[in-house]
Amino acid sequence: MKIKELYQQLVPRPRTPVTWKRALPLIFFLLLYAGLCAGLEISGVLMFARPWAFVLILFSVWVWWLSVAGYGGLSKGRALATLLTRLGMLGLFVILIAEPRSVRVRDVISVIYAIDRSDSINQDFEDAALAFVTKSVTEKPPQDEAGLVVFGRNSAVELPPRVSFPFEAYNSRIDRDATNLEQTLSLAAAMLPEENRGRIVLISDGTETEGAISQILDELKSRDIAVDVLPMQYEYDKEVWLENLELPRFVKLGENYEAAVVLSSLKDGTGRLVLRENGEPIFKKEVSFKAGKNRFVVPISLRDPGYYEYSATIETKPADDQLRENNTVMNYIYVEGEGKVLVVTDPAGDERDWETLEKAIREGERNVEVVSAYEFPSDSLSLMPYDAILFVNVPADAFNVIQLKAVHDAVFNQGIGFMMVGGDNSFGPGGYHRTVIEDALPVTMDITKKKVLPKGALAIILHTCEFPEGNTWGKRITKQAIKVLGAQDEVGVLAYDYMEGEKWLFKLTPAGEYEKMVPKINGAQIGDMPSFVNTMRLGLEGLKKSDASTKHMIIISDGDPQAPNPALISEFLKNKVSVSMVAIFPHGGRDISKMRDIAGVTGGRYYFPSDPNQLPSIFIKESKTLKRSMIQNETFTPEVGMISPVLKGIDRIPPLFGYVLTTIKPRAEGVLNAPEKKEAEGEIDPVLAFWRYGLGTTAAFTSDLSSNWGKDWVDWDHYQAFVKQLMIKISRVQKQDHLKMWSHVRGNNATIMVEDFHPKESFLNVAARISGPHERKETVVLKQVGPRRYQASVPLWGKGRYQVMVLGKAGGREDHANGGFIVPYSPEYLRFRSNPIVLEEIARRTGGQSLDPDNATDVIYGRRDPKQSSNPIFDWFLIALAILVPLDVGIRRIQIDWYVIKGWFGIGKEQKQSTETMGTLLQRKQVVADDLDARRAETTERSTQSTIAQLQEQRQQRRPGSTTESPGKPETKKKESGPPPPPAPTDKTSTTGRLLDMKRKRNSEDKDNEQK
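Computed from a predicted structure; not experimentally measured.

Thresholds applied
- Residues numbered from 1 in each chain as written.
- Predicted model: local features only at pLDDT ≥ 70, side-chain atom pairs only at ≥ 80, totals over all residues.
- Heavy atoms only, no water.
- Helix = DSSP H or I, 4+ residues; strand = E, 2+ residues; numbered from the N terminus.
- Buried < 20%, exposed > 50% of the residue type's maximum accessible area, 1.4 Å probe, protein only.
- Contact = heavy atoms within 4.5 Å.
- Areas by Shrake-Rupley, 256 points an atom, 1.4 Å probe, with all protein chains shown as cover.
- pLDDT = per-residue confidence, 0-100.
- Arc of directions from axis to C-beta.
- Core = buried A, V, L, I, M, F, W, Y, C linked by side-chain atoms within 4.5 Å.
- 1 Å grid on protein atoms, 1.4 Å probe; cavity = no way out; pocket = protein on both sides within 12 Å on 5 of 7 lines; lining within 4 Å.
- Points joined across faces, edges and corners; volume = space filled by probe spheres on them.
- Domains from an automatic or database assignment.
- Pairing = 2+ DSSP bridges.
- UniProt positions renumbered as here; feature names shortened; annotations may be inferred.
- Salt bridge = Lys/Arg side-chain N within 4 Å of Asp/Glu carboxyl O.
- Phe/Tyr/Trp six-rings, centres within 6.5 Å; stacked < 30°, edge-to-face > 60°.
- Lys NZ or Arg CZ within 6 Å of the ring centre and 35° of its normal.
- Axes fitted to C-alpha atoms, helices over the stretch in contact; angles between N-to-C directions.
- Left-handed = near helix turned anticlockwise from the far one by under 90°.
- Nonpolar A, V, L, I, M, F, W, Y, C, P; charged D, E, K, R; others polar.

Structural notes on the overall build of the protein
Scanning the protein for helices and strands turns up 25 helices and 40 strands. Out of the 1012 residues belonging to the protein, those deemed buried represent 48%. Of all intrachain contacts in the protein linking residues separated by at least 6 positions in sequence, the fraction that spans at least 24 positions is 76%. Surface summary for the protein: the accessible area is close to 51600 Å², and the carbon and sulfur share equals 53%.

See the structure below:
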């Protein structure tokens, strides 16, 4: 029953007969709707992603039926308007579900040129590729776009696709020791605008050492992106290379051993074989070799413990060998001995900073080696002979990034101890903020707000650096400069963009938001700035708004922009903003005196480095000038925090005369602290702190151990004991492990082998962690291949030094082994011929072509097929639907008085205000109103008199002795007590009068019922 009722509500029965004529509005709507949607689709104006949704338009029949079968009390015209409005709403709703998209057709081709710059491509091929791109772009149609990507192991965008092609020099820095075509094609495809016909021109030799192109080719095909290829073809018929340098796995001091050199050649030949030990030649000999593999044995002898690095080189005639990069191989031997302490000093420092400390370490029966930062090793394997490393008041800019990374890896992977000793060039003031050294230390250089000091503001202006990888260098050193700043210091970067002119990459922002700044710096398109004026003024306005106490600007440029006017320089002086200028490769020796003058007048510094490698240290040095004064020159006596063996036997601690502000890290061990200050209540300034980092122990001594801040400590009778116990605390513990590890490199793979020499044989779970170039790490599990022997093969990822840390576990047993290997040259140098087959496969699967340099422009830009793109346009249809909803309500609910509307617009005012008929009606209305008032008064009077009489009669009936009617005749009593009936209407009474009489009669009866 309920279903039937529901059906009747949804599909009501018509009140009047429904004819086919009443279906004409529905038929008209459906024909118009279908024609409009089909016309938009066919004409290419719109497309619908879900055309099946148009089936829902059948609900229009139901909407029509509700209109014709129901009863809305509307006139025919309003009912028709309501029906059409609702059909329109339904049609718009169906279009929204069908997902309309506007269609745009553009006859523009966007081309991305991808140039292979890997090590397998020599300079001649690179120059030819660049010349081809320049010629092709020059001849392209003016409306088409061109961009440039370069690649090796990784890919980088030189220029995004644009109508102009302002290429001057390679600015992207890539790793050239491998070829990754997959990443290159993916990046090039991502750079192509969706609205244009996209095409990629790949210029390469076809060799692929990383990645797999199969998947990306399918994706390019699905996106209709063709890849045209220009092969770089070569084949070397004469080539000599060294494959391996074999050294003994286990050695003893004083015994003689042999080193074996494996040489390969495509043809017979001769050459001189040279073997070097730690850079010094120990063997030279003329050798003859056959085509194929050759093995040469060289005697070696080890007399002292330490780290020995060997390199073998084959020297041949230039005509017999076309690639020189693969003529050297390297390997090393480490002979364990008594551990040493390495003291690292500032090359420009004072000997008094470390001489007392060095003496105390020697008196503690430790071997000490003192080196300057310039002499510090660049790989962690070279640090294996040392048990501890000390940085004594040496700044970060005295090292390069590779040296600092070597310290970090030596501590974490090899267990070597590390300590930084304070001074004005250490910790934060030394530029170690956000470096790998800060990661290893138990303190951070970020200062909390309770210790806040006057902050600084730094604005960096980047001008395109027109030397190889110039813009990449600019971005890199900018990021390094920001890292040096404190978290509260402000920094902003400005650049000249080819499209937008002078602009902020980001305005002055706290340096603590470094992670947010990096993507903006990496994505910057740095152009050739025509003038210093606008950019310097823009930077000055930002610095003026800052509340920093120290304000500074750094500009890196080639010196050709127009110099700022004296008025602008005066503004810099007025606002106390100093400017440092870095001149890089000025064009043709252009006069750069204006840069020197700007720096001199504003109180900044001027630099003219001849090597881009000097740029990072320059920017770090400049950023350090903004560092808040973290140096506390005050006399205090350190307070003991946690009890430590370092303080064993020490009952009194002398005062110190200064320290560097730092913040201790969570879980670090604070042994000595500065007294708590009132203005920084609850904050502790560490003086001596330790913690465990990886396999090593690190320490931070924020004061110094020299005659400066620690002058009372130098004369302290416990000074030598304190230093000795300090070295014991941080030094690597020599533990007898039973695992021995060695490795072997062949081609692009390394084999790691581990042997177990434990007295009791047992099965071990052995894993190796491999750290290599590009800060990449891999973990592999070694499988047992024989009794007590485990092995794993690892694919390599480029040339460089690989460090291996092995861990073996079995029950409660845990053993370690450390080692490594060196890949002296890129596997790219083992490619002696190009691989055009790969390029042909790329072109075939993506619909591209193999190009001929003579007619390449016509082929690339001549295959024109206008690109049809679409964008969703939901908003417009939603707006239309939102308009129809209130319109539908208005049509059904609002009655329009056209006479009033005409009156608003003054229509009909000149006509007579009243006609004879209108006057008669008004007169009749007045008569009726007077009659109604008279009758209403008469009725009220009668009702009042009747009510009074009735009350008097009831009062007499209640009196004693009064006569009443018998109970058997109540009807008569009621009839007599009621009001007299209204007079019967006469023939002269009007219709209105009769209606009023009927109303009065009904009211009278209601009152009688209430009284009853």
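Some words on the confidence of the model for the protein
A low pLDDT score tells you not to read the predicted coordinates there in detail. Of all residues in the protein, 86% attain a pLDDT of 70 or more, and the chain-wide mean is 84. Note on residues 911-915: pLDDT under 50 across the span, and one contact to partners over four residues away in sequence or across chains.

Description of helix α12 (residues 514-522)
Of all the positions in α12, only Y514, M517, V518 and I521 are classed as buried. Viewed end-on, α12 has its buried residues packed into an arc of 110°, placing them on one side of the element. Away from its buried face, by an angle of more than 90 degrees, α12 presents the exposed residues E515, K516 and P519.

Notes on the nonpolar core
One finds F376, L390, F391, Y432, W713 and F722 to be the most contacted residues of the largest nonpolar core, which totals 74 residues. One finds F296, Y308, Y310 and L323 within the second-largest nonpolar core, a separate group that totals 32 residues.

Quick word on empty space enclosed by the protein
Applying the stated rule across the entire model yields one cavity of 30 Å³ or more. For the largest cavity, the calculated volume is near 50 Å³. Lining the largest cavity, in full, are R153, D177, A178, T209, E210, N748, L796, W797, G798 and P827. Each of domain 2 (108-235 + 833-865) and domain 6 (739-825) accounts for three or more of the residues forming the lining of the largest cavity.

Considering the pairing of strand β33 (residues 739-746)
Consecutive residues of a regular strand have side chains that alternate between opposite faces of the sheet. By the bridge criterion, eight bridges tie β33 to strand β34 (residues 749-756) in an arrangement that is antiparallel. Each bridged residue has a counterpart across the sheet, and for R746 the counterpart in β34 is N749. The antiparallel hairpin formed by β33 and β34 contains two residues in its connecting segment, where G747 sits at a positive phi of about 65°.

Describing the UniProt feature "transmembrane region" (unreviewed entry) in the protein
Mapped onto this structure's residue numbering, the UniProt feature "transmembrane region" (unreviewed entry) falls at residues 23-46, 52-72 and 79-98. Helix makes up 83% of residues 23-46 and strand 4%. Its end C-alpha atoms lie 30 Å apart. Helix and strand shares over residues 79-98 are 95% and 0% respectively, and the end C-alpha atoms of the span are 29 Å apart.

Considerations on the pattern of salt bridges
A full pass over the atoms with the stated rule returns 35 salt bridges. Linking E126 and R176 is a salt bridge whose minimum nitrogen-to-oxygen distance equals 2.2 Å. With E126 in helix α5 (residues 123-138) and R176 in the loop between β5 (155-162) and α6 (181-191), this pair connects stretches of sequence that are 50 residues apart. For E126, a relative accessible area of 2% translates into the label buried. Classification of R176 by relative accessible area gives partly exposed; the value is 26%. With its nearest N and O atoms 2.9 Å apart, the salt bridge here joins D177 to R153. Of this pair, D177 sits in the loop between β5 and α6 while R153 sits in the loop between β4 (145-151) and β5, and the two are 24 residues apart along the sequence. By the burial criterion, D177 is buried, and R153 matches it. If you follow the salt bridges from partner to partner, you end up with D218, E841, R844 and R845 in one network.

Re helix α3 (residues 59-69)
Those residues of α3 that sit buried are S60, V63, W64, V68 and A69. As for α3, its buried residues are in contact with α2 (24-43) and α4 (76-97).

A look at the packing of aromatic side chains
On inspection of all chains with the given rule, the structure shows 26 aromatic pairs. Seen from their ring centres, W713 and F722 are 5.2 Å apart, and the 85° between their planes marks the pair as edge-to-face. Residue W713 is classed as buried on the basis of its relative accessible area of 0%. Ring pairs connect the aromatic residues F376, F391, F399, F418 and Y432, which therefore count as one cluster. For R117, the ring lying beneath its charged end belongs to Y170, and the centroid distance is 4.1 Å. Over the face of the ring belonging to F657 we find K711, whose NZ or CZ atom lies 4.5 Å from the ring centre.

Things to note about the sheet that holds strand β17 (residues 386-392)
On the basis of which strands lie adjacent, the open sheet formed by eight strands has the order β16-β15-β17-β18-β32-β31-β30-β27 and mixed pairing. Here the strands that pair on one side only, and so sit at the sheet edges, are β16 (367-372) and β27 (639-640). Looking at chain direction, strand β30 (residues 669-673) and strand β31 (residues 686-693) are connected through four bridges and run antiparallel. From the neighbouring strand, G670 faces β31, where its bridge partner is A689.

Description of the sheet that holds β4
In spatial order, the strands read β5-β4-β3-β6-β7; together these five strands make up an open sheet with mixed pairing. Of all the strands in the sheet, just β5 and β7 (226-231) have a single pairing partner and so form its edges. Across the sheet, the axes of successive neighbouring strands diverge by a mean angle of 15°, strand direction being ignored. The pairing of β4 with β5 spans five bridges and is antiparallel. Each bridged residue has a counterpart across the sheet, and for V150 the counterpart in β5 is A156.

A few points about the packing of helix α14 (residues 566-574) against helix α15 (residues 593-602)
Running from N to C, α14 and α15 point in directions that differ by 35°, and their axes come no closer than 10 Å. At the point where α14 passes α15, the crossing takes the right-handed sense. Where α14 abuts α15, its residues I569, F572 and L573 lie against I598, V601 and T602. Classifying every residue of the contact of α14 with α15 by side-chain character gives five nonpolar, one polar and no charged.

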